[in-house]
Amino acid sequence: MMWNLMRAEWLKIQRCQILLVGIVALTLCPVIQYGSHLMMAPEYREPNYDFLYLFSNVIWGNSQIFLPISLVMIGGWFIDRESANDTLKNIVSIPISMPKLLGAKLLITGLLSLVFGLYSVCITLLTGSIFGLEGLTPMLAFTLSTQVVAASLTTYLVCMPMILIFGQIRGAYLGGSIVTFFLGYSILFFKGGVLSSAYPFSAALILAGFDMRKYNGATSSPNLLLSAAGIASVLLLTLLLLTASGRHREMKPHPPVRKGKGRRRGARRSLP
């Protein structure tokens, strides 16, 4: 049953234009990262800007800004579209429980995060080649590519509760992506103590093997156990949200818009 649900959802997203949000965002990330380097005054530029530096900036930008916004917007839209298009009442008549339906949509979003990670690797390699960056070796390319994909998957894990919460509130997935952006941006404020490792967005980068100290000015070394605990808390919250969704047979559909009703009434009143 779950495999059939996932297959159906995967077929749906191939026709969705909202995927362009993630594609455009991940395409712009390496270009913006290198462009910001070029716009700096010469005395502030990184003297040895190579593939390693570009990949590091892309991982930071993806995990902090581009991926959270894209995944919550797209994943939330996957859920919201069923009530917006009034198709959920047909789906649950099969019958399919809400936790299974939402779980399938989450798993497809996770698969999409993997695709986005691989796509980001290709775009970063292409950008570095166009600008003539140096320092790329087969071993380094493999290591950095693995880290990009790992950061994409761990960032997706952190975004799962936001996808479920804002996806089940009608039309709220756009606002959810904005809220998630601020949550990701908050990494900059945790420079020491427990939160620097346990905060879910920083934990996602730490578990992916990324050293944030150069980017957020952290004063303490990362703690893998605290990071694992931070991600575990997110997974527990996701499980609780899925369990709670089983109490609702279906989400409320959008109210239908009645076009022209007011005009007809006005026209009747104006008759002699």
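Only a predicted model underlies this, so the values are computations on that prediction, with no experimental measurement involved.

Participant: Before we go on, may I ask you to explain the overall build of the protein chain in this structure?
Facilitator: The helix and strand tally for the protein chain stands at 12 helices and zero strands. Counted from the first residue to the last, the protein chain has its helices and strands arranged as α-α-α-α-α-α-α-α-α-α-α-α. Every one of the 272 residues in the protein chain was classed for burial, and the buried ones make up 46%. In the protein chain, once contacts between residues fewer than 6 apart in sequence are set aside, the share between residues at least 24 apart is 82%.

Participant: Would you mind going over the confidence of the model for the protein chain with me for this structure?
Facilitator: It should be kept in mind that the predicted coordinates are not to be read in detail where pLDDT is low. In the predicted model, the protein chain carries a mean pLDDT of 84, and 83% of its residues have values of at least 70. Scored below 50 in pLDDT, residues 261–272 makes one contact in the model with residues more than four places away or belonging to other chains.

Participant: Help me understand the packing of helix α5 (residues 98–130) against helix α11 (residues 224–245), please; the structure alone is not making it clear to me.
Facilitator: Viewed as axis vectors pointing N to C, α5 and α11 meet at an angle of 140°, and their least axial separation amounts to 7 Å. When the axes of α5 and α11 are compared, the pair comes out oblique. Taken as a pair, α5 and α11 cross one another with a handedness that is right-handed. Contacts between α5 and α11 involve M98, P99, L102, G103 and L106 on the former and, on the latter, T238, L242 and S245. Of the residues that constitute the contact of α5 with α11, the class distribution is five nonpolar, three polar and no charged.

Participant: Looking at this structure, I do not really get the packing of helix α6 (residues 138–167) against helix α7 (residues 173–185). What am I missing?
Facilitator: Geometrically, a packed helix pair is captured by the angle between its two axes and the distance between the axes. As a packed pair, α6 and α7 sit with axes 9 Å apart at the nearest point and diverge in direction by 155°. Classified by the angle between their axes, α6 and α7 sit roughly antiparallel to one another. In the crossing of α6 with α7, the sense of the turn from one axis to the other is right-handed. Only Y173, G176, V179, T180 and L183 of α7 make contact with α6, whose side of the interface consists of C159, M162 and F166.

Participant: Quick question: what am I supposed to make of α7 here?
Facilitator: One turn of an α-helix holds 3.6 residues; hence residues three or four places apart share an orientation. With 13 residues, α7 extends 18 Å from end C-alpha to end C-alpha; this agrees with the ideal 18 Å at 1.5 Å per step. Taken together, the buried positions of α7 are occupied by Y173, G176, S177, T180 and G184. For α7, the angular spread of buried residues about the axis comes to 100°, placing them on one side.

Participant: When you look at the pattern of salt bridges in this model, what are you seeing that I'm missing?
Facilitator: Opposite charge on two side chains makes pairing possible when the charged atoms of those side chains draw close. Per the counting criterion, the structure on display carries one salt bridge. One salt bridge in this structure joins D211 and R213, with 3.0 Å as the shortest N-O distance. According to the relative accessible area criterion, D211 is partly exposed, its value standing at 39%. On the basis of relative accessibility, which here comes to 35%, the residue R213 falls in the partly exposed class.

Participant: Whenever I open this one, the packing of aromatic side chains confuses me. Can you help?
Facilitator: Here the distance between the centres and the angle between the planes together describe a pair of aromatic rings. Scanning all chains against the criterion turns up 11 aromatic pairs. Centre to centre, the rings of Y199 and F201 are 6.1 Å apart; their planes meet at 35°, and the pair counts as tilted. Here Y199 and F201 have matching classes, each one buried. A ring pair is formed by F210 and Y215, whose centres lie 5.4 Å apart and whose planes are at 35°; its orientation type is tilted. The exposure class of Y215 is partly exposed, given its relative accessible area of 21%.

Participant: Explain the side chain of S197 to me, please; I cannot follow it from the model alone.
Facilitator: Tracing the chain through its elements places S197 in helix α8 (residues 195–198). Those residues within four positions of S197 in sequence are excluded, and the remaining contacts are S202, A203, I206, S221, P222, N223, L226 and S227.

Participant: Just to check I follow, could you spell out the side chain of T154 for this structure?
Facilitator: Among the secondary structure elements, T154 is positioned in helix α6. With a relative accessible area of 12%, T154 lands in the buried category. Engagement of the side chain of T154 in a polar contact is seen with the backbone oxygen of A204, the distance being 2.9 Å. In this view, T154 contacts A204 and A208; residues no more than four positions away in its chain are not counted.

Participant: Is there a simple way to think about the environment of L195 in this case?
Facilitator: Along the chain, L195 turns up in helix α8. For L195 and S227, which are 32 residues apart along the polypeptide, the C-alpha to C-alpha distance reads 9.1 Å. Filtering out sequence-adjacent residues up to four positions away, L195 remains in contact with F190 and S202.

Here is what the cut-offs are and how they apply
Residues numbered from 1 in each chain as written. Predicted model: local features only at pLDDT ≥ 70, side-chain atom pairs only at ≥ 80, totals over all residues. Heavy atoms only, no water. Helix = DSSP H or I, 4+ residues; strand = E, 2+ residues; numbered from the N terminus. Buried < 20%, exposed > 50% of the residue type's maximum accessible area, 1.4 Å probe, protein only. Contact = heavy atoms within 4.5 Å. pLDDT = per-residue confidence, 0-100. Axes fitted to C-alpha atoms, helices over the stretch in contact; angles between N-to-C directions. Parallel < 35°, antiparallel > 145°, perpendicular 65-115°, else oblique. Left-handed = near helix turned anticlockwise from the far one by under 90°. Nonpolar A, V, L, I, M, F, W, Y, C, P; charged D, E, K, R; others polar. Expected span 1.5 Å × (residues − 1). Arc of directions from axis to C-beta. Salt bridge = Lys/Arg side-chain N within 4 Å of Asp/Glu carboxyl O. Phe/Tyr/Trp six-rings, centres within 6.5 Å; stacked < 30°, edge-to-face > 60°. Polar contact = N/O pair within 3.5 Å; in protein donor to acceptor, adjacent residues only side chain to side chain.

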